[in-house]
Amino acid sequence: MTMKLRPLHDRVIVKRLEEERKTASGIVIPDTATEKPDQGEVLAVGPGKRDDSGKVHAPDLKVGDKVLFGKYAGQTVKVDGDELMVMREEDIMAVVQK
């Protein structure tokens, strides 16, 4: 996927990961009954946040990281039919290690 958004400052573009729609016993959960997952994959990262002296602090995230974020974090946008999230680096709680 070619990224058509270039995040500014400490912002990050995240695509939510699809959640499992079937229980362990095989019951399919309808879309209306599922909550949106709070995990995603980083698609683009801004250059970083500037401090008071003008120095840019590079973000700790990189493209491809799997991350956890809060239920109400970020702003949802649609780009070419894909639902993406734009959020600040500080809204991301953790990077999921493999």
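Note: the structure precedes this text.
What counts, and at which threshold
Residues numbered from 1 in each chain as written. Predicted model: local features only at pLDDT ≥ 70, side-chain atom pairs only at ≥ 80, totals over all residues. Heavy atoms only, no water. Core = buried A, V, L, I, M, F, W, Y, C linked by side-chain atoms within 4.5 Å. Buried < 20%, exposed > 50% of the residue type's maximum accessible area, 1.4 Å probe, protein only. Helix = DSSP H or I, 4+ residues; strand = E, 2+ residues; numbered from the N terminus. Contact = heavy atoms within 4.5 Å.

Q: Just to check I follow, could you spell out the nonpolar core for this structure?
A: Buried together is how nonpolar side chains tend to be arranged in soluble globular proteins. Formed by Val12, Val14, Val42, Leu61, Val67, Phe69, Ala73, Met85, Met87 and Ile92, the largest nonpolar core amounts to 10 residues. Elements that contribute at least two residues to this core include exactly β1 (11-16), β5 (66-69) and β7 (82-88). Ignoring sequence-local partners within four residues, the contact set of Leu61 consists of Val12, Val45, Val67, Glu89, Ile92 and Val95. One finds Ile13, Leu43, Val79 and Leu84 within the second-largest nonpolar core, a separate group that totals 5 residues.

Q: I keep staring at the environment of Lys15 and nothing clicks. Help me out?
A: You can see Lys15 is positioned in strand β1. You can call Lys15 partly exposed: its relative accessible area is 28%. Each C-alpha atom of the pair Lys15 and Val42 lies 6.6 Å from the other, and the pair is 27 residues apart in sequence. Not counting chain neighbours up to four residues away, the residues in contact with Lys15 comprise Gly40, Glu41, Leu43, Asp82, Glu83 and Leu84.

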